[in-house]
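Listed below, chain by chain, are the residues.
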Amino acid sequence: MRKRLLSGMRPTGPLHLGNYHGALANWVRLQEEYDCFFFIADWHALTSDYEKPDFLKGFSDDIMLDWLSVGLTPEQSTLFVQSHIKEHAELFLLLCMITPVPWLERNPTYKDQIEQLSTKDLSTFGFLGYPVLQAADIIMYKPFGVPVGVDQAPHVEITREIARRFNYFYGPVFPEPEVILTETPKLLGTDRRKMSKSYGNAIFLSDPADVVAAKVATMITDPQRMRKSDPGNPDVCNVFDFHKLYSPPEFVAEVNRRCRTADIGCVECKKRMGQYLNAFLDPIREKRRYYQERPGRVAEILAAGDAKARQTACRTMEEVRAAIKL
Ligand code: TRP
Ligand code: SF4
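Residues numbered from 1 in each chain as written. Chains lettered and ligands numbered in written order. Predicted model: local features only at pLDDT ≥ 70, side-chain atom pairs only at ≥ 80, totals over all residues. Heavy atoms only, no water.

### Some thoughts on the overall build of the protein chain
A tally of regular secondary structure across the protein chain gives 14 helices and five strands. Computed over its C-alpha atoms, the radius of gyration of the protein chain comes to 22 Å, within 12% of the 20 Å expected for a compact globule of 326 residues. Here the protein chain holds 326 residues, and the buried ones make up 49% of them. Contacts in the protein chain between residues at least 24 apart in sequence constitute 79% of all its contacts with a sequence separation of at least 6. Roughly 16,100 Å² of accessible area belongs to the protein chain as shown, and the carbon and sulfur atoms make up 55% of that amount. (Helix = DSSP H or I, 4+ residues; strand = E, 2+ residues; numbered from the N terminus. Rg over C-alpha atoms; globule rule 2.2 N^0.38 Å. Buried < 20%, exposed > 50% of the residue type's maximum accessible area, 1.4 Å probe, protein only. Contact = heavy atoms within 4.5 Å. Areas by Shrake-Rupley, 256 points an atom, 1.4 Å probe, with all protein chains shown as cover.)

Quick look at the structure:
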């Protein structure tokens, strides 16, 4: 029996290279070794986008295509949508009964998000309860671990505390899941800020080759390098970080040398990087096209994932109701 892992993503837009290296690449590797459950957390997206949920369905469809095109496979992973498994809502409700409000109020991402997303009114019960819903998502499937970025570690910690409290009151039902931290290579957006859809600096997995080339051409390089005749410093150049991910090692070494001696200009350097990046994206594009042309197959994959998740969730909920003597 393979150990189980579970993770989820909110459908906030098409996925970009930051999402790929921050999560997806890791998931694709992990599915070889573990019994993986990956789901689209559409209810979680609703906690902050409740005023304008119009895009949720479209974004969920985009993300499923992104997942399949990078190589998550229904043979190895169970892919499903949170809102299709109503048991998550029932477990969430029961966990609400035992979760002390101060645990949620002191959650570091809670205050953080309220400040950062100041244009949205997040003083809602649902937003405060975000980690309780996440705990329900997780413990429902009794996973051994939860592969997430470091920003999600506090949520997994609250999940462990909630699981412990449940077991203390009602008997041992839930194992405490481990955080499996994802190592993320450094990769900034085209403007050198964190790559994010909302900054408009992202390169999407679904961008066509000419769009990628155009975005790469606008990338900020070594800010000290004004003219082609000035020597550059690859160590502070975001384009060089991209080269390290997408270009062959010989070419990375060549850029490293020729940049420092002003033997290659940034325009050419970026152009070459864009070509290697497009070569990396080509097989992903090809798989996307395959699934785009077969919407019936995608629907089938999702239906099978939902069914498998539901089966596990129903079994857990029977145990839960029995433990609480409902
Ligand atoms: N909160 C996670 C994020 O924003 C998404 C998420 C929801 C999740 N439920 C989860 C992640 C359960 C892991 C496990 O990225
Ligand atoms: Fe960056 Fe390449 Fe320009 Fe050097 S030549 S500063 S590595 S873009």
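### So, the nonpolar core
One finds L17, L24, W67, L205, F242 and L277 to be the most contacted residues of the largest nonpolar core, which totals 52 residues. Per-element accounting of this core gives the leading share, eight residues, to helix 1 (residues 17-30). Two domains share this core, each providing at least three of its residues, namely domain 1 (4-187 + 294-324) and domain 2 (209-288). Sequence-distant contacts of L17, that is, excluding residues within four places in its chain, are made with L187, M195, I203, L205, F242, Y246, L277, F280 and L281. (Core = buried A, V, L, I, M, F, W, Y, C linked by side-chain atoms within 4.5 Å. Domains from an automatic or database assignment.)

### Observations regarding the environment of P172
Within the element layout of this structure, P172 appears in the loop between helix 9 (153-170) and strand 5 (178-181). Spatially, the C-alpha atoms of P172 and A323 are 8.7 Å apart, while their sequence positions differ by 151 residues.

### Describing the pairing of strand 3 (residues 77-81)
Where burial is concerned, most of strand 3 is hidden: five out of the five residues are buried. Alternating positions in strand 3 separate into two faces, S77, L79 and V81 on one and T78 and F80 on the other, with burial throughout. Sheet topology note: the strand 2 (residues 35-40)/strand 3 ladder contains five bridges and is parallel. Directly across from F38, in strand 3, lies its bridge partner L79. (Pairing = 2+ DSSP bridges.)

### Topic: the site of ligand 1
In the neighbourhood of ligand 1, 14 residues make up the surrounding shell, with R10, Y130, Q134, D137 and Q152 lying closest. The contact in question runs from a nitrogen atom of ligand 1 to an N or O atom on the side chain of Y130, over 2.7 Å. Residue Q134 places a side-chain N or O atom 2.9 Å away from a nitrogen atom belonging to ligand 1. When isolated, ligand 1 has an accessible area of 370 Å², and the protein chains bury 92% of it. Those elements that place two or more of their residues in the shell around ligand 1 are strand 1 (4-9), helix 8 (130-139) and strand 4 (145-148). Looking at which element gives the most residues to the shell around ligand 1, the answer is helix 8, with four residues. When its residues are assigned to classes, the shell around ligand 1 shows seven nonpolar, five polar and two charged. (Near = heavy atom within 4 Å. Polar contact = N/O pair within 3.5 Å; in protein donor to acceptor, adjacent residues only side chain to side chain. Nonpolar A, V, L, I, M, F, W, Y, C, P; charged D, E, K, R; others polar.)

### Looking at the domain arrangement of the protein chain
Once the domains are mapped, the protein chain shows domain 1 (4-187 + 294-324) and domain 2 (209-288). Each of domain 1 and domain 2 has a C-alpha centre, and these two points are 35 Å apart. Each partner contributes residues to the interface: domain 1 has twelve residues there, and domain 2 has eleven residues. Here domain 1 and domain 2 share an interface that buries about 990 Å² over both sides, 65% of which is from carbon and sulfur atoms. Contact with domain 2 buries area across many residues of domain 1, yet L17, S69 and L187 alone supply 47% of it, more than any other trio. Linking domain 1 with domain 2 are two salt bridges. On the surface where domain 1 and domain 2 come into contact, there are three residue pairs in polar contact (both at pLDDT 80 or more). At the level of elements, helix 1 and helix 3 (56-70) are the ones that each hand at least two residues to the side of domain 1 that touches domain 2. At five residues, the largest contribution of residues to the side of domain 1 that touches domain 2 is made by helix 3. (Buried area = accessible area lost by both parts, 1.4 Å probe. Salt bridge = Lys/Arg side-chain N within 4 Å of Asp/Glu carboxyl O.)

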